[in-house]
Amino acid sequence: MRTLISTAFVSLDGVVEGPGGEPGYRNSGWTFKDIEFVPEAFEIKAREQEESAAVLMGRVSYEAFSPVWPDMAEFAHYRTLPKYVVSTTLGEDQLVSNWGETSILRSLDEVAALKETDGGPIIVHGSATLNQGLSDAGLIDRYHLLVFPLLLGAGKRLFSTTDKDAQKLALVEHAVYSNGVQKQVFDVVR
């Protein structure tokens, strides 16, 4: 079974919206405009690219990343990996042609089936709504979180507000950086 890893920049109060400067969110760009850049805090992002065997995202994140990431040197390895977009509305004709193999999955059941295939870890970028559904369905195996020392209030949240049984996590790696950012890597305990 493949490992499904959710990776996120998250505020202390759980907001994941607009970390890189996406328009339309009041605090857009909070990861770089409000916090001093410390390169070592982002080591995990390079490691994720090296260790990932596939990329999974929701439609909204795909539509935000696909016009930009294929041409960015920082994400060169992702061009070579298969990408999966979970969407009930995205059409094959809406997929970009310069980002390598991309498949559309129409349900969380298809994500569960993908996890059953052979291969290495699958990394989930962005995709707040998808992350909530994956968590509620018990499909996430690990979280890679960079927690920023900010309270943003309103915004899309990484974690679901569904009333469900507690889900225990085991902290397997952590670090605190000079700018207050915390790296927290958790395995989901089953």
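Whatever comes next refers back to the structure up there.
Every value quoted in this text rests on a predicted model; they were computed, and no experiment measured them.

Enquirer: Before we go on, may I ask you to explain unusual backbone geometry in this structure?
Expert: Unlike most non-glycine residues, S127 shows phi in positive territory, near 60°. As for its position among the elements, S127 is in the loop between β5 (122-125) and α6 (128-136). Overall, the relative accessible area of 7% leaves S127 in the buried class.

Enquirer: Which parts of the structure should I look at to understand the pairing of strand β7 (residues 169-176)?
Expert: For a regular strand, side chains alternate in direction, first toward one face of the sheet and then toward the other. When β7 meets strand β8 (residues 182-188), the two strands line up antiparallel, connected through 7 bridges. By the bridge assignment for β8, A175 is matched with K183. The turn linking β7 back onto β8 is made up of 5 residues, and G180 within it adopts a positive phi angle of 90°.

Enquirer: Where do I start with the sheet that holds β8 in this structure?
Expert: What links the strands of a sheet is backbone hydrogen bonding, and the strands pair in either a parallel or an antiparallel sense. One open sheet holds the 8 strands; their spatial order is β4-β3-β2-β5-β1-β6-β8-β7, and the pairing between them is mixed. Edge strands, defined here as strands with exactly one partner in the open sheet, are β4 (102-105) and β7. The average angle at which neighbouring strand axes cross in this sheet is 20°, direction not considered. When strand β6 (residues 142-148) meets β8, the two strands line up antiparallel, connected through 6 bridges.

What counts, and at which threshold
Residues numbered from 1 in each chain as written. Predicted model: local features only at pLDDT ≥ 70, side-chain atom pairs only at ≥ 80, totals over all residues. Heavy atoms only, no water. Helix = DSSP H or I, 4+ residues; strand = E, 2+ residues; numbered from the N terminus. Buried < 20%, exposed > 50% of the residue type's maximum accessible area, 1.4 Å probe, protein only. Pairing = 2+ DSSP bridges. Axes fitted to C-alpha atoms, helices over the stretch in contact; angles between N-to-C directions.

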